[in-house]
Protein chains: 2
Amino acid sequence: MKRGPQRSLEPQAVLDAALELIDAGGLTMRALAARVGLTPGALYTYFPDRAAIVSALADRLLGEADLRLLEDRDREADARIVAYSLDLRRVLMRHPAAVPAILGAAFQGPVALRVGESLLAALPDARAAYAVMVYVLGAIALEAAEAGEGEVPPEAERVAARRAAFAVDPGEFPRTHAAAGQIAAYISTEQFRWGLERVLAGLRA
Amino acid sequence: MKRGPQRSLEPQAVLDAALELIDAGGLTMRALAARVGLTPGALYTYFPDRAAIVSALADRLLGEADLRLLEDRDREADARIVAYSLDLRRVLMRHPAAVPAILGAAFQGPVALRVGESLLAALPDARAAYAVMVYVLGAIALEAAEAGEGEVPPEAERVAARRAAFAVDPGEFPRTHAAAGQIAAYISTEQFRWGLERVLAGLRA
DNA sequence: ACCTGAACACCGTTCAAGT
DNA sequence: ACCTGAACACCGTTCAAGT
């Protein structure tokens, strides 16, 4: 048996609290310490700095999407890519305030490598695989920016709110005005899937 | 003639200084005030808060890309979209540290509306136009995250650095290992253009 | 209206000292 | 090794008072 002082928490418990705080709109070292019952300085025995916490959080969220959807050998490659991307979007849109931090962390953790390897199995042209990553992460980033922090309302509600808020001068922006209904639906699952399928079709051609 | 007290600076001068600070890696109200020769509190007569400065900066940077490239009637629509997107990428990659803030500001300013209207003229299907926006902004966001802050080195140098830094276990990640050379080139202009052309092809099909 | 000086309520990080 | 208490060097924003 080991002796001596022990951590009062697992690093995972610190990350749990960090995710709750980032969702609520303010991840600070002081708030995080208070949440887990420590002094701010004590956090630095768990993680070297705040950026390391954000990186660990990014990898953990990425790991919550179901990778088996991408690896399922019984389905066609593009269908697997679409299914996994939809699941990743579902996971990340539960934590919109964390998305910018995740984009910044640049997906370099251990889980990200596994996802990349599986994506290359489904789409062996590395350039094409990157284009898919760009579309998927770009779409999620734009939606997350729109959602802001806190609880994300149901999709239908968000689209309706966009429709109501979207009013431009028909004289100056005729096409934008005419397309307002479609523009409100940009953040819908249907638009995400349609765009991804079109992107994949272009890359396979 | 108007009388009374006058602003000692134009709001544009404040934004100039703000852009320099964000490029250098730290836009703070205090640093900004010092740069323009004011007290921090005085900035609040120019902009209501820090977020308003970032939004104004986003719209201003968007305005630096040459919209005529998108509107030029003598060229084919897709060629115009590619030319404008390349110019936008060039402008934003001069200020990589500003890109996350710009994504967050969600492109809602007056210039963004004009760009959207012109994009719809070139690509009337609003869903397709949004998919193009997603690809272009997503690609720029991922490249900017990689570049970090400060001066961005020439592209060839950045690709070489990525190639040197990129080493994964060939046993665990065979496809990633085999594609390392291509993965290093993800941030190249050629990859950006190739991906955009494939995306456009898929959307037109 | 514009600006200063000063304050309020915060930050991330470090570090001597304790166990 | 883990943690506290206290400090250091910062933040964004507000506001009475001056011009």
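As the structure is a prediction and not an experimental result, all values here were calculated from the model.

Analysis parameters
Residues numbered from 1 in each chain as written. Chains lettered and ligands numbered in written order. Predicted model: local features only at pLDDT ≥ 70, side-chain atom pairs only at ≥ 80, totals over all residues. Heavy atoms only, no water. Near = heavy atom within 4 Å. Polar contact = N/O pair within 3.5 Å; in protein donor to acceptor, adjacent residues only side chain to side chain. Nonpolar A, V, L, I, M, F, W, Y, C, P; charged D, E, K, R; others polar. Domains from an automatic or database assignment. Contact = heavy atoms within 4.5 Å. Buried area = accessible area lost by both parts, 1.4 Å probe. Salt bridge = Lys/Arg side-chain N within 4 Å of Asp/Glu carboxyl O. Helix = DSSP H or I, 4+ residues; strand = E, 2+ residues; numbered from the N terminus. UniProt positions renumbered as here; feature names shortened; annotations may be inferred.

### What about the protein's contact with DNA strand D?
- Of all residues adjacent to DNA strand D, which total 20 residues, the nearest are A:S8, A:T39, B:M29, B:R30 and B:Y44.
- Restricting the count to atoms of DNA strand D within 4 Å of the protein gives a sugar and phosphate share of 58%.
- A:R7 is positioned with one of its side-chain polar atoms (N or O) 3.0 Å from a phosphate oxygen of DNA strand D.
- One nitrogen or oxygen atom from the side chain of B:R30 is found 2.3 Å from a base oxygen belonging to DNA strand D.
- Its residues assigned to classes, the surface near DNA strand D shows eight nonpolar, seven polar and five charged.

### Regarding the protein's contact with DNA strand C
- The environment of DNA strand C is formed by 20 residues, the closest being A:M29, A:R30, A:Y44, B:S8 and B:T39.
- Put simply, 56% of the atoms of DNA strand C that lie within 4 Å of the protein are in sugar or phosphate.
- Taking A:M29, its main chain carries an N or O atom lying 2.8 Å from a phosphate oxygen of DNA strand C.
- In this structure, A:R30 approaches DNA strand C through a side-chain N or O atom, which is 2.3 Å from a base oxygen.

### A short note on the domain arrangement of chain A
All names here are of chain A.
- Domain annotation of chain A identifies domain 1 (1-48) and domain 2 (49-204).
- Across the contact, 14 residues belong to domain 1 and 15 residues belong to domain 2.
- The junction of domain 1 with domain 2 conceals about 1400 Å² of combined surface from both sides, 68% of it contributed by carbon and sulfur atoms.
- For domain 1, the biggest contributors to the area lost against domain 2 are L19, I22 and D23; these three give 36% of the whole.
- The interface formed by domain 1 and domain 2 holds one salt bridge in total.

### Some remarks on the environment of A:V134
- Along the chain, A:V134 turns up in helix α8 (residues 126-147).
- Not counting residues up to four positions away in its chain, the partners in contact with A:V134 are B:V134, B:Y135, B:G138, B:A139 and B:L142.

### Quick look at the UniProt feature "domain: HTH tetR-type" (unreviewed entry) in chain A
- According to UniProt, the feature "domain: HTH tetR-type" (unreviewed entry) maps to residues 8-65 of chain A in the numbering used here.
- Counted over residues 8-65 of chain A, helix gives 62% and strand 0%. Its end C-alpha atoms are 29 Å apart.

### Notes on the interface of chain B and chain A
- If you look at the interface, chain B gives 38 residues, while chain A gives 38 residues.
- Buried area between chain B and chain A, summed over both chains or domains, comes out near 4000 Å², and the portion from carbon and sulfur atoms is 68%.
- When residues of chain B are sorted by the area they lose upon contact with chain A, B:E117, B:Y130 and B:L142 head the list and together hold 17% of the total.
- There are zero salt bridges connecting chain B and chain A.
- Taken together, chain B and chain A are joined by ten residue pairs in polar contact (both at pLDDT 80 or more).
- Top element by residues in the side of chain B that touches chain A is helix α8 (residues 126-147) of chain B. It accounts for 13 residues.

### Focus on the environment of A:A126
- Its location among the elements puts A:A126 in helix α8.
- Setting aside residues up to four positions removed in sequence, A:A126 forms contacts with A:L120, B:A179, B:Q182 and B:Y186.

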